[in-house]
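This is what each chain is made of:
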Amino acid sequence: APIFQIDDAFQEWIETLPDLDAQELQASEEEILGSEDSPARAERADALARAKVFAWIMTAVTVTAAVWGWFFPQPYSFVALAFLPWLAVLITACSKGLFRTIGDNNDAHPDLTVPFVLPGIALAALSFGFHLLEWTPTLTFSAGVGIALWIAVAAADSSLRQSRGNLFFVLLLTAVYGYGASVQANILLDQSPETVYRALIIGKYTTSGKSTTYYLSLAPWGPDMDTGDLSVPWSFYKSVKTGDRACVAVKPGALRIPWYVVRPCH
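Residues numbered from 1 in each chain as written. Predicted model: local features only at pLDDT ≥ 70, side-chain atom pairs only at ≥ 80, totals over all residues. Heavy atoms only, no water.

S.K.: Please explain the state of the cysteines as it appears in this structure.
M.R.: Any covalent bond linking the sulfur atoms of two cysteines counts as a disulfide. Inspection of every chain in the model, using the stated rule, returns one disulfide. Each sulfur in the disulfide pair Cys247 and Cys265 lies 2.0 Å from the other. Note on the Cys247 and Cys265 pair: the S-S dihedral is about 120°, so by sign convention the disulfide is right-handed. Taken as a pair, Cys247 in strand 5 (residues 245-251) and Cys265 in the segment after strand 6 (259-264) lie far apart in primary sequence, 18 residues in all. The class for Cys247 is buried, based on a relative accessible area of 10%. Among the residues examined, Cys265 registers a relative accessible area of 23% and is labelled partly exposed. (Disulfide = S-S within 2.5 Å. Helix = DSSP H or I, 4+ residues; strand = E, 2+ residues; numbered from the N terminus. Buried < 20%, exposed > 50% of the residue type's maximum accessible area, 1.4 Å probe, protein only.)

Structure below.
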């Protein structure tokens, strides 16, 4: 039940207040369509409607690609996810201001927020199951790719250049994309043979929060001469005990960034 009772007079007063969000959205749409007596208004309205449908299709394609990449990670899904943000930037650049790369609730311009943002998040999330042996080249590739995308989107979407806060926010998004794209390219395009090391499991533990994470502590092995705690799937965690051996498969990486995965020894 509400804490305060609203009487009829107060309700009537509330209803007289203008909806500023709706007014701002309407003003944005009028800016796109032009004056009501403009001969091109109907054509612009049709173009706006088509652009909104196209933005919806791009969003659906992106979500499909992210789900595909999560459940069936392979080079094809990586290429699709890596390409989509650049396609969003290209569409924005060619639309002569009709599309926005990052949308706003009170902006009538069709936006490509999901195609621009979601692939980077998906690629970065897919990278958490792999481990890197060298971080300097990883950061170099990530920064290069992320800054390139940031420059491209800032040039394509003039609305982003109106605020330093927007530019900084987009820089963070492109940094996530740069990391995810670089790590996934290094792993999924790596066709070189692997080297397997048998590492001693010296401990195991879990951490709990919104979800439970399972860790194995490994003794020094091969190229990694430090003890380390690595997260592993629950099935792997339950199948081993302290004193067992885990197999660490190391590959050089397509971008020459050595990486590895830990799995049970058969």
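S.K.: Before we go on, may I ask you to explain the packing of helix 4 (residues 75-94) against helix 7 (residues 164-188) in this structure?
M.R.: Packed helix pairs are specified by the crossing angle of their axes together with the interaxial distance, meaning the distance between the axes. In contact at an axis separation of 10 Å, helix 4 and helix 7 are set at 155° when each is read in the N-to-C sense. Here helix 4 lies roughly antiparallel to helix 7, going by the angle between them. In the packing of helix 4 onto helix 7, the handedness of the crossing is left-handed. Between helix 4, through Pro75, Phe78, Leu81, Ala82, Pro85 and Trp86, and helix 7, the contact on the second element is made entirely by Tyr177, Ala181, Gln184, Ala185 and Leu188. Partitioning the contact of helix 4 with helix 7 into residue classes produces 10 nonpolar, one polar and no charged. (Axes fitted to C-alpha atoms, helices over the stretch in contact; angles between N-to-C directions. Parallel < 35°, antiparallel > 145°, perpendicular 65-115°, else oblique. Left-handed = near helix turned anticlockwise from the far one by under 90°. Contact = heavy atoms within 4.5 Å. Nonpolar A, V, L, I, M, F, W, Y, C, P; charged D, E, K, R; others polar.)

S.K.: So what exactly am I meant to see when it comes to the sheet that holds strand 5 here?
M.R.: Across the sheet, six strands lie side by side as 1-6-5-2-3-4; this open sheet has antiparallel pairing. Because the sheet does not close on itself, it has two edges, and the strands there are strand 1 (131-132) and strand 4 (228-232). Here strand 1 runs beside strand 6; their pairing, made up of two bridges, is antiparallel. Residue pairing for strand 6: His131 is matched across the bridge by Tyr260. (Pairing = 2+ DSSP bridges.)

S.K.: Honestly, helix 5 (residues 113-126) in this entry has me stumped. Any pointers?
M.R.: An ideal rise of 1.5 Å per residue puts 20 Å on 14 residues; helix 5 measures up with 20 Å between its terminal C-alpha atoms. On its buried face, helix 5 is in contact with helix 3 (41-71), helix 4, helix 6 (136-156) and helix 7. (Expected span 1.5 Å × (residues − 1).)

S.K.: Looking at this model, I keep getting lost on the nonpolar core. Mind explaining?
M.R.: It is characteristic of soluble globular proteins that their nonpolar side chains tend to be buried jointly. Ranked by size, the top nonpolar core spans 34 residues in total, and within it Leu81, Ile102, Leu112 and Phe116 carry the most contacts. Contributing elements (two or more residues each) for this core: helix 3, helix 4, helix 5, helix 6 and helix 7. Ignoring sequence-local partners within four residues, the contact set of Leu81 consists of Ala65, Ala66, Pro119, Ala122, Leu123, Leu126 and Tyr177. Among the nonpolar cores identified, the runner-up in size contains 16 residues, and Ala199, Val232, Phe236 and Tyr237 belong to it. (Core = buried A, V, L, I, M, F, W, Y, C linked by side-chain atoms within 4.5 Å.)

S.K.: How should I be thinking about the pairing of strand 3 (residues 212-218) in this particular structure?
M.R.: For a regular strand, side-chain orientation follows a simple rule: the groups alternate between the two sheet faces. Relative to strand 3, strand 2 (residues 195-208) is paired through seven bridges, and the arrangement is antiparallel. Its bridge partner lying in strand 3, Thr206 is registered against Tyr214. Hairpin connection of strand 2 to strand 3: three residues between the antiparallel strands. Where strand 3 lies against strand 4, five bridges are found, and the strand directions are antiparallel. Paired with Tyr214 across the two strands is Val232, which belongs to strand 4.

S.K.: What exactly am I supposed to notice about the pattern of salt bridges here?
M.R.: Between side chains of opposite charge, a pair can form when the charged atoms approach closely. Summed over the entire model, instances satisfying the criterion amount to two salt bridges. A salt bridge links Glu194 to Arg263; the shortest N-O distance between them is 2.4 Å. One end of the pair, Glu194, is in the loop between helix 7 and strand 2; the other, Arg263, is in strand 6, and 69 residues separate them in sequence. Since its relative accessible area comes to 38%, Glu194 is described here as partly exposed. Overall, the relative accessible area of 32% leaves Arg263 in the partly exposed class. A salt bridge links Lys241 to Asp244; the shortest N-O distance between them is 3.4 Å. (Salt bridge = Lys/Arg side-chain N within 4 Å of Asp/Glu carboxyl O.)

Keep in mind these values describe shape, not function.
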